[in-house]
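These are the residues of each chain, in order.
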Amino acid sequence: MKINKYSIKLFVFIGLLVGISGCEDILHEPLENTIVAEETDYTQTENMISPVIGLYAEFYGMGWEKLPLVSVRGDDVNKGAQGDQQPFGETDKFNYNEGYWMYNSTWQGFYQGVFTANSTIEEVNKYKEHADNKALADKYIAEAKVIRAWYLFQLSRVWGKIFIVESSDPSGLFNMELSTKEEVMQYISDQMDQAIPNLPDSHPNQREDITGGVTRYTALAIKAQANLELENYQGVADATSQIISSGLFSLHDDFYQLFKLEGKLNDENLLELQYSDFGQGSGEQRRHLFNFYGPQSWTPAREGAGSGWGFWEPTLEYIKFMLDRGEQVRLQTTVLFTPDGITELENEYDGTVPDWISNETPSGDIIENGPRANFFSGKYYLPSNQLTQGRTAYGSNKNYQLIRYAEVLLMHAEALVQGASSNSISADEAVNLVRERAGLDPLSNVTLDQVMEEKYAELATEMGIRFYDMVRLERYEELNYHEGEAEFTEDKIFLPYPLNQQDLLPQLQNE
Amino acid sequence: MKSKLYFNSNNKWAWLLAILFGVLICNPLVLSANTAHSGKDGSGNGPLNFQQQQIEVSGTVTDAQSGDPLPGVNIIIQGTTQGTTTNMDGNYTIEAPGDATLVYSFVGYQQQAIQVNGRNEINVALQQAVTELEEVVAIGYGTAKRKDLTSSISTVSSDEIDKTPTADALQSLQGKVSGVEIVSSGAPGTSPTVRVRGIGSYPGRGNESPLYVVDGAFYDNIDFLNTSQIESMSVLKSASAAAIYGVRAANGVIVIETKSGEFDRETQITYDGYYGVQIAQDVVKMANAEQYSRMAMNSGSAADSLYILNAMQRYGRSRKNPNVPAVNTDWYDEILRPGPMQNHSLTISGGTSKSSYSIGSSYFNQKGILDMKNNYNRFNLRTKADYRANDWLTIGGNVIFSDAQRYAPENSAWRRAYHAVPIFPPYDNQIDEAEPLKLGAADILGYRGGQNPLAATEFNENHILTRKILANFYAEVELIPEKLTIKTTYNHSYTSIQGENVGLSYFVTEKMQRENANLNKYTNIFSDKIWDNQLTYDDSFGNHNLKVMLGHSFRDESYQRLAAGGLNFPEEQRTAWYLDKADEINEDAVGDDGSRLYGLSYFGRVQYNFNNKYYLYGTMRADGTQKYQQKWGYFPSFGAGWSISQESFMQNVDFIDFLKIRASWGQLGNDKIQPSAGTATTNVVNTAIDGSLVSGTQRTSTYSVLEWELVEEFDVGLTTTLFDNRLNLDFDYFIRDTKNAAINVQRPLLGGSTLKNQGEIRNSGIELSLNWSDNISDSWSYSLGGNMSTLNNEVLNLFGQPYLNGGSAEFRQRSIPGEPLLAFYGWEVAGVYQNQQEIENDPIAVNNGLVPGDFKYVDQNNDDQIDAEDRVVLGSYFPNFKYGFNFRVNYNNLSLSADFMGKMGNKILNRKRGEIIWTSDLNKDAELANNLWRGEGTSNKYPSASGLRRGWNQKMSDYFVEDGSYFRIRNVQLSYTIKDQNFMGVEMPQTRFYVTAERLLTISDYNGFANEIPDGIDDFMYPTPSVYNIGVNIQF
């Protein structure tokens, strides 16, 4: 009887155990709150654009330090006074520090973009299988290739030999070989040839799906840049001719306003990073950290507008060069003058400093002395009165122009004076278009020197164009402007690989 | 009698206080009050007066539990040397004065003193002494006597826990338990970092902490428990001990039993309360205005010299030194305050023959030492009851409710106070436009930012409401009386966290302002359910003793989070701080997150011993998880012990009371690692395109596929009791290997990291703990204790990789086989170049354009270059030696105890000094500022002021890596207990008064604020203050 009572209890218990054991299946359920990529329904081809937008989000979200590191070494711009971010300043003077955080961060950031582009291509390809409109898929893939090419172009200009990565899976990197700069540039050019037929034949600002995104002409511009690095001048001329002949691009009349809000999705832009405050005085916004470039101290026309860090100083050499040329429009746009800067100019400049040079900008902001620099960047300056009411962060709502039509015209001119032939406009016509907008008289029979001076005047402080031009033409003496402080030699062309990357990839140690 | 004076006092509280202070000051008073009832008092006078009245006393002495007669019991007339012993039948006869006191003592039993009071027959039942060995220890799904253990378990009891005034009971383990490292946290309501036997899992993902099992339920921390609610904490150190919790026990297990009632026990009411003050200790000295100005002027930066000049223009020049600004702000002074804390708890417990209960309530309140809205309040309710429903069914339940409100500190204030330059004032009335407070701002002098830490403390509020309910119910059925039982337990732990982060608007300067007030709210709900079933069989067959347990456990753990934010709300009305009242909802702040994880486990345990001499122990656990791609893990463990002292050949060794050697081996799985999806996942992102926000997706290019991380441990140990149970000694040697360690492997090129099973880590060491306690006389007793542990942390292999990088690119940490995990890795400083001659003689200096005042690094490979190849391991953040010791002296009712502790061999990265890599607008600590190189012979340790800013001197080197050893007087407590006293004819409750100083003194060479830094990287920490408190414990 007693045993029986126990057995009943025991059976109940065992029954419980068996009952619970049935729960085992739940161990195989996918994790909560994750989107399993494999579960993506690639037949929903209307979502094909999503990974492309994801790539643009990555591209536009670029950290502030990357473009300055790419661009700081020319005689057009200085990092700004010493004391702060010294290794960045040392980089400007060709003393490189492989352990410096900006090197690693720039390298990683650009490669992150490359990987995102690769993954975008892979994703779009999966939609493509189910898409009725295969051309749309091809367009998106071509678009990702262009953005990837832009990243690779920057990486190779800065570091020379780099990895060309085409997969989104980084596991194969450990055995991967580096490609030389020539190989990278040729790769970019070939990639653009593949992409061009699939891309929209329109101005970026005419695109309806992704306004301001990449088009055929962005690809052509990058192809031209890559061929310029290869000194394949005919390749440059052919690519630039196509852009010019399209008639879709023009120089914006007002050079000063081109770098302000008017420059957003401007007809002159071939590639730009887009930002917005969505027209609202508070709340969400997407912005670039233009503070880096801004004047350290100012009396803004609109009270309460924040100033910058004072790091992007146009050089005295550039200012003198422009004064010698009698330029006003481009000098006034490129440089913000401080009272101390004007004094310095009066002391240092052999000619007369014109009256229009003032520490008040054409927009009415008064630039004060800043301990870091005597001159501040004008091209990355947004006047305080162009800020959306309620916003105070320096430069918010401003876009970042990466490739302008002016650069395309001047690349075209350079290619022609280097011996290439054109099937569009002549070198003189290209240079004079740029000069005309700057209020200068036309030239005839332009020489290489004149084209390079025009490039210097037009594109100073932008994207390191000046530095890479001088390196390519081996005009190293132009880079030795630091007056005994720094000497540029051929072995200084490339930055050392970031220490952190050397630690991770043994291939880099042996270079 | 002197004490009468006090007894007649009308004010009861005055009397209580007077006693407390009387105890401290006036010892004779204590004596007289104390001895009023003691038999000794009587016998002291007695022999003279009553010597003639000798009577014969006889009786039997028995074991209280078994009732068996005890032969050989000593019986002594107190205060004399006269005595006798019991015969084989436990009987005795003795001649003694009629008012004498007889003292009965026997090894292994509690001594008893009984007044004769003229009686001729006195029968005594002696209770077995509860020595440490007889103590019952929680071992997970059951208990065992300490002497039966085959593995390493340390237990800390409630009176030790209560000594430390803290919100989190784990703090009280610091320095107490060998092999356990506690790194305190100073912020109110936060938990210390706990490491059992080094580090089981790769750090950095919050998975280093042990598993906490509170009355059977699993927790990640025990911040919701009041120390007074805890009966005991057992640290299951070895894998064999922890293996029964397999799934999560890889970092050790701490089993916590809350206080419960007892059957057949009178009601006991206990009040415990204290009040204390926390005071910041060892505040780091920062450079003052003079030191800072000198450093800035020497920096070679025109900008910095200008800032000093600006400060002098704006605030005037110091009268002492006209080259220094008149303002000299000590920013730590501005943000620190003394922080009061108090705790009150009331517990009522007892039981009848059928039921037992314990009901309690407690309140804890602590104000932080950061001068802002920074405090912690916690109110707890607790009920624990057991009921014997019939002869085979026992049921019970335990409910703890904890309601905590915390204002979290704005930790950026610590960072800013360290970095803010001393040459601008906290408040500056010259800034007209500043509102609502006229704060000072450094950017007025030209610095990049406003710097003032008061902007962080004044305009932020971080409010967190945490409500936690732990409910568990069980039913235990005896299938075969005293042999076979089943028990089913259901636990539900429910936590709701409501958080509110408020940033109020203010304006000081363009660079120090918050234009839009922001309000972010979130709700996190954790709901964890565990259902355990276990079957236990306990039997003896002759000399064979056997205990078998089989069990099953099902877990369902879920987490939900909702968050939203808004801008611009009625700031001046606290009651209107609602998103509905905000002008704008911030879409970026809207978030919804959650997880739900299931787990299923089967486990079993066999405990066997032969004649209490030879012990065998084994467990097996099978764990199923949803988190990894490998679903099931199987974790066995074994243990064996030999109680040598039970052997006949040891019977003649008098000084050894107990001696046992033991060995164990076990495997554990770690499921505290973040779940791996095992597949690529997609994230939703958005960006501005042509002025509209558009969303897209990014597919992760890397993902983890994980197996179980496995901890395997071998442990040999020895437990012994010597010299009449006065000395207890425990010794352990362990080797603990984490296999398949899940490590965040850095991704080349694109940065970030991926979790992979990619290494094997070893922790090994010895642990020793000793306790000596003795009674010198009836009045005097004392105890001495000490423990020490060594730890050798080592990476065994990384699956073929030569090393894995950790830390950050600028402050590299590296795991290299044969070296400690995440060792600091960089260049070794040989000294500082003193003069131009030295520079010219050194090709390294010439090639790198160095100047006197720059660091000279050790050229490890002598290739006349300082490059990546010259980097070496600079040390580890794990202490390799920890120790603690304590003493306690009791004199009658007065007791003094002190605990000391320390650790050695750990390094701290002084990351604050490294901030200069990013910006030079910063102050420096006084030690550095004062001892910078200023010319030949001035320093061989620090670079020059200008050198500080050069990249060459900012390399990761041992300049940044400092010795983190410290010694601490951790706790000193003086207490006095009033027992068996009458007050105006009413029996006084037993009352204990105490004063405590916690963390009285810390001695360390480290140049930083706090040396309690969990990961060895001192960026900004909430400092751990000293606490001084007084308290009282009353038992009715």
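Predicted model only: the values in this text are computed from it and were never measured. (Residues numbered from 1 in each chain as written. Chains lettered and ligands numbered in written order. Predicted model: local features only at pLDDT ≥ 70, side-chain atom pairs only at ≥ 80, totals over all residues. Heavy atoms only, no water.)

Residues and elements named next belong to chain B. Most of strand 51 (residues 966-978) is tucked away, with 10 of its 13 residues classed as buried. With 10 bridges joining them, strand 48 (residues 894-904) and strand 51 adopt antiparallel strand pairing. Residue pairing in the sheet places phenylalanine 900 in a bridge with isoleucine 969 of strand 51. Note: strand 51 against strand 54 (residues 990-1004), 12 bridges, orientation antiparallel. Residue pairing across strands places arginine 968 opposite threonine 1002, the latter belonging to strand 54. (Buried < 20%, exposed > 50% of the residue type's maximum accessible area, 1.4 Å probe, protein only. Helix = DSSP H or I, 4+ residues; strand = E, 2+ residues; numbered from the N terminus. Pairing = 2+ DSSP bridges.)

With that out of the way, let us pick up the environment of B:Val214. All names here are of chain B. Inspection of the secondary structure puts valine 214 in strand 13 (residues 211-214). Residue class for valine 214 comes out buried when judged on its relative accessible area of 0%. A C-alpha to C-alpha distance of 28 Å links valine 214 and glycine 786, two positions 572 residues apart in sequence. Setting aside residues no more than four positions away along its own chain, valine 214 makes contact with Tyr219, Ile222, Phe224, Leu225, Ile256, Thr258 and Leu470. (Contact = heavy atoms within 4.5 Å.)

Our focus in this paragraph is the confidence of the model for chain B. Of the residues in chain B, 92% have a pLDDT of 70 or more, and the chain-wide mean is 83. Between residues 1-51 of chain B, whose pLDDT stays under 50, and residues either more than four places distant or in other chains, the model counts 51 contacts. (pLDDT = per-residue confidence, 0-100.)

Further remarks concern the sheet that holds strand 3 (residues 83-85) of chain B. Residue and element names in this part refer to chain B. Strand order in the open sheet made by the 4 strands is 3-2-5-6, with antiparallel pairing throughout. The strands lining the two open edges of the sheet, one partner per strand, are strand 3 and strand 6 (112-115). For this sheet the average axis-to-axis angle between neighbouring strands, irrespective of direction, equals 20°. (Axes fitted to C-alpha atoms, helices over the stretch in contact; angles between N-to-C directions.)

In this section: the side chain of B:Asp859. Relative to the elements of secondary structure, B:Asp859 occurs in the loop between strand 45 (855-857) and strand 46 (872-875). Other than its neighbours up to four places away in sequence, B:Asp859 contacts B:Ile844, B:Asp864, B:Gln865, B:Ile866 and B:Asp870.

Glancing now at unusual backbone geometry. For the bond from B:Glu435 to B:Pro436, the omega torsion is 0°, close enough to zero to count as cis. Along the chain, the position of B:Pro436 falls in the loop between helix 10 (412-419) and helix 11 (454-458). Of note, A:Phe278 is a non-glycine position whose phi angle comes to about 55°, a positive value. Relative to the helices and strands, A:Phe278 is located in the loop between strand 2 (269-273) and strand 3 (298-299). Although it is not a glycine, B:Asn612 sits at a positive phi angle of roughly 55°. On the secondary structure map, B:Asn612 appears in the loop between strand 28 (584-610) and strand 29 (614-625).

Turning next to the interface of chain A and chain B. Counting residues at the interface gives 92 residues for chain A and 94 residues for chain B. Counting each side, the surface lost to burial between chain A and chain B is near 7,500 Å², with a carbon and sulfur contribution of 58%. In this assembly, chain A and chain B are joined by 4 salt bridges. A salt bridge links B:Arg699 to A:Glu123, with the nearest nitrogen and oxygen atoms 2.8 Å apart. On inspection of chain A and its partner chain B, the count reaches 14 residue pairs in polar contact (both at pLDDT 80 or more). Contributing elements (two or more residues each) for the side of chain A that touches chain B: helix 1 (2-21), helix 2 (49-60), helix 4 (86-92), helix 5 (101-130) and helix 19 (499-504) of chain A. It is helix 5 of chain A that provides the largest number of residues to the side of chain A that touches chain B, a total of 11 residues. (Buried area = accessible area lost by both parts, 1.4 Å probe. Salt bridge = Lys/Arg side-chain N within 4 Å of Asp/Glu carboxyl O. Polar contact = N/O pair within 3.5 Å; in protein donor to acceptor, adjacent residues only side chain to side chain.)

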